[in-house]
Amino acid sequence: MSWTAADIPDLTGRVAVVTGANGGLGLETARALAGAGAHVVMAARNQEKAARALADIRGGLPDASLEVVELDLSSQASVREAAEQILAGHEQVDILVNNAGVMGIPERSTADGFEMQFGTNHLGHYALTALLMPALLRAPAARIVTVTSTAHHMGRAVDPANPHLHGKYRPWRAYGQSKLANFHFGLGLQSRLEAAGAPASSLIAHPGLSNTDLQAVSVKETGGGLSQRFFHRLAGATGMSPEEGARPQLRAATDPAARGGEFYAPRFVNSGPPVRRPVLRRIGMDRAIARLWDVSERETGLKIDLRQGTPEPLTG
């Protein structure tokens, strides 16, 4: 039998944080976790959409335990403010789903001067994970799920000398780099959690081809670029629904049999039920992960000490 949200165990008393919970995969992830009894923190940039998403969930789940926290992953200041709000309200966090992202957009910079796709998709989530780590480590067995994409296969590992692709920017090159960074981050975090003997685990997931507003935003941002229009039409014609696309990350976050370091994705690469997929380890991947970690610490100014669970501001 195929795994669905009906297989999520009882999550009563658990706290889950979902980024990008105002639409698409994030909304369906929040809905399913709330339906299983979790208190869900819906972290989202667009507060009007977040309010509508909350009302949408409550329309079918009147007793859902939900809260909205403003989070703009393209601003490190916003990430810090969101983390402070979450930590002030919750002693522990049991599930963190690093879901939000942007795709295939023209070159632009974040508030901190980062390339937008790398800055949002990876560095924003790196910082959020770092800042929430104290609450994650206070949970008995927290799970951190980072959402990647099949595009990680075309991505190049981050170059520490030019992580923001100055002079080398192309929309899909930047997207592939950011999604490979998500892949590497999830695996690297698991290695560090294991080495520290921490109770939390890190997993990765990808949704396959899902018909969400991600493609529509990509088309709008590029003014209707050819490849962006192609993927938008393909998702509309053959893509899975957001509910189906969210299942790999939901399984990674909740399946009692799932283990740290595992990768969940659709059975048929871009479609199908969520299954555990092999982690294909490229030559030099460990070195690439180490370089990504160095870049992430340098750019965000945060270093995670998993023995203490406290992000240490870097000095010097």
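All values derive from a computational prediction rather than experimental measurement. (Residues numbered from 1 in each chain as written. Predicted model: local features only at pLDDT ≥ 70, side-chain atom pairs only at ≥ 80, totals over all residues. Heavy atoms only, no water.)

Asks: A description of the pairing of strand S5 (residues 143-147) should follow, citing residues and the corresponding values.
Replies: Within S5, five of the five residues are buried, which leaves the element mostly enclosed by the surrounding structure. Residue alternation in S5 divides its side chains into two sets, Arg143, Val145 and Val147 and Ile144 and Thr146, and both sets are buried. Sheet topology note: the strand S4 (residues 95-98)/S5 ladder contains four bridges and is parallel. Counterpart to isoleucine 95 in the pairing with S5 is arginine 143. Crossover connection from S4 via helix H4 (residues 116-138) to parallel S5: handedness right-handed. (Buried < 20%, exposed > 50% of the residue type's maximum accessible area, 1.4 Å probe, protein only. Helix = DSSP H or I, 4+ residues; strand = E, 2+ residues; numbered from the N terminus. Pairing = 2+ DSSP bridges. Right-handed = clockwise from strand over helix to strand, strands pointing away.)

Asks: Explain the nonpolar core residue by residue, including any values.
Replies: Counting 43 residues, the largest nonpolar core has Met133, Leu136, Ile144 and Leu193 as the members making the most contacts within it. Only strand S1 (15-19), strand S2 (39-44), helix H3 (76-89), H4, helix H5 (171-196), helix H10 (285-300) and strand S9 (302-305) provide two or more residues apiece to this core. When residues in this core are grouped by element, the largest group, 12 residues, is from H4. With 33 residues, the next largest nonpolar core counts Ala16, Ala36, Ala38 and Ala253 among its residues. (Core = buried A, V, L, I, M, F, W, Y, C linked by side-chain atoms within 4.5 Å.)

Asks: With reference to specific residues and values, describe the environment of glycine 101.
Replies: You can see glycine 101 is positioned in the loop between S4 and H4. For the pair glycine 101 and threonine 19, spaced 82 residues apart in sequence, the C-alpha separation works out to 8.8 Å.

Asks: Could you give an account of the packing of helix H1 (residues 24-35) against helix H2 (residues 47-60), naming the residues involved and the relevant values?
Replies: Where H1 contacts H2, the axes come no closer than 10 Å and their chain directions differ by 40 degrees. Classified by the angle between their axes, H1 and H2 sit oblique to one another. The crossing of H1 and H2 is right-handed. Residues Leu27, Ala30 and Arg31 of H1 form the contact with H2, whose own contacting residues are Ala53, Asp56 and Ile57. A per-class count over the contact of H1 with H2 returns four nonpolar, no polar and two charged. (Axes fitted to C-alpha atoms, helices over the stretch in contact; angles between N-to-C directions. Parallel < 35°, antiparallel > 145°, perpendicular 65-115°, else oblique. Left-handed = near helix turned anticlockwise from the far one by under 90°. Contact = heavy atoms within 4.5 Å. Nonpolar A, V, L, I, M, F, W, Y, C, P; charged D, E, K, R; others polar.)

Asks: Outline the packing of aromatic side chains, listing residues and values.
Replies: In the structure shown here, the tally under the stated rule is five aromatic pairs. Considering the side-chain rings of tyrosine 126 and tryptophan 293, the 5.9 Å spacing of their centres and the 85 degrees angle between planes classify their relative orientation as edge-to-face. Linking tyrosine 126 in helix H4 with tryptophan 293 in helix H10, this pair joins segments that are 167 residues apart in sequence. Across the pair, exposure class does not vary: tyrosine 126 and tryptophan 293 are buried alike. An angle of 25 degrees between the planes, with centres 5.4 Å apart, marks the rings of phenylalanine 185 and tryptophan 293 as stacked. With phenylalanine 185 in helix H5 and tryptophan 293 in helix H10, the pair connects residues that are 108 residues apart, well separated along the chain. Given a relative accessible area of 1%, phenylalanine 185 falls into the buried group. In this structure tryptophan 293 comes out as buried when scored by relative accessible area, which is 7%. Ring pairs connect the aromatic residues Tyr126, Phe185 and Trp293, which therefore count as one cluster. (Phe/Tyr/Trp six-rings, centres within 6.5 Å; stacked < 30°, edge-to-face > 60°.)

Worth remembering: the numbers are spatial, not functional.
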